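Here is what each chain is made of, one letter per residue.
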Amino acid sequence: MSLNKYVVAIPSYKRPQTLKNKSLRVLQEQKIDPKRIDIFVADKEQEKIYRDELPKNSFNKIVVGAPGIKNIRNFMPKYYPEGQKIFYMDDDISQVYQNFNHGKTLPRLNKETYDKKHNKLLKLKNLHKFIERAFDLAKKKKM
């Protein structure tokens, strides 16, 4: 996968059905290319279980990392080459939402305030565009 394209990295442990019925379903509904999706598991035994239980065309690869959630989360960014765009996702995501917050503008400071009571969650219509935009914004901030 080109460094210009993002990958979706999902750690999972002993939950292939949860992954299949939640996060992979959401990614499929959102039309995320399965070639972008890498699943990280703890060991060879888990790799076999996941290969047996997940549809072959629902992901790119299963990567054996390290046991323990902290260890696998530390392993994932090291697995990819420097500069690879990575969208991390848990294995139990059943919906994706975007938070909108329209607080009050303080005229003197010309600054918007943040207040949780103004939060509005809307189901995300296009996760791919959202991810691409997020990486573009991060790149602009970095410059």
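The structure this text deals with has already been given above.
Residues numbered from 1 in each chain as written. Predicted model: local features only at pLDDT ≥ 70, side-chain atom pairs only at ≥ 80, totals over all residues. Heavy atoms only, no water.

Trainee: Quick question: what am I supposed to make of helix α3 (residues 44–53) here?
Mentor: Every α-helix winds through 3.6 residues per turn, so residues three or four apart in the chain are directed the same way. Listed as buried for α3 are Q46, E47 and Y50. Seen along its axis, α3 keeps its buried residues to an arc of 105 degrees; they face one direction. Among the exposed residues of α3, those pointing more than 90 degrees away from its buried face are K44, E45, K48 and D52. Next to the buried residues of α3 lie α1 (16–21), β2 (37–41) and β3 (61–64). Between a side-chain oxygen at the N-terminus of α3 and the backbone nitrogen of E45 the separation is 3.2 Å; the capping residue is D43. (Buried < 20%, exposed > 50% of the residue type's maximum accessible area, 1.4 Å probe, protein only. Helix = DSSP H or I, 4+ residues; strand = E, 2+ residues; numbered from the N terminus. Arc of directions from axis to C-beta. Contact = heavy atoms within 4.5 Å. Polar contact = N/O pair within 3.5 Å; in protein donor to acceptor, adjacent residues only side chain to side chain.)

Trainee: So what exactly am I meant to see when it comes to unusual backbone geometry here?
Mentor: Backbone geometry follows two general trends: most residues other than glycine have a negative phi, and most peptide bonds adopt the trans configuration. Backbone geometry places K14, a non-glycine residue, at a positive phi of 55 degrees. Here K14 falls in the exposed class, since its relative accessible area comes to 56%. For K31, which is not glycine, the phi dihedral falls at a positive 60 degrees. Inspection of the secondary structure puts K31 in the loop between α2 (23–29) and β2.

Trainee: Where do I start with the sheet that holds β3 in this structure?
Mentor: Sheet strands pair by backbone hydrogen bonding; their relative direction is either parallel or antiparallel. Here we have four strands laid out as an open sheet, ordered β3-β2-β1-β4, and parallel in their pairing. Edge positions in the open sheet fall to β3 and β4 (85–88), since each of these has one partner strand only. Going across the sheet, the axis of each strand differs from the next one's by a mean of 30 degrees, ignoring polarity. Where strand β1 (residues 6–11) meets β4, four bridges bridge the pair, whose relative direction is parallel. Within β4, the position partnered with Y6 by the bridge is K85. Taken strand by strand, α3 contacts β2 and β3, and its axis lies near 165 degrees from that of β3. Across the face of the sheet, helix α4 (residues 69–79) comes into contact with β1, β2, β3 and β4 while running at roughly 160 degrees to β1. (Pairing = 2+ DSSP bridges. Axes fitted to C-alpha atoms, helices over the stretch in contact; angles between N-to-C directions.)

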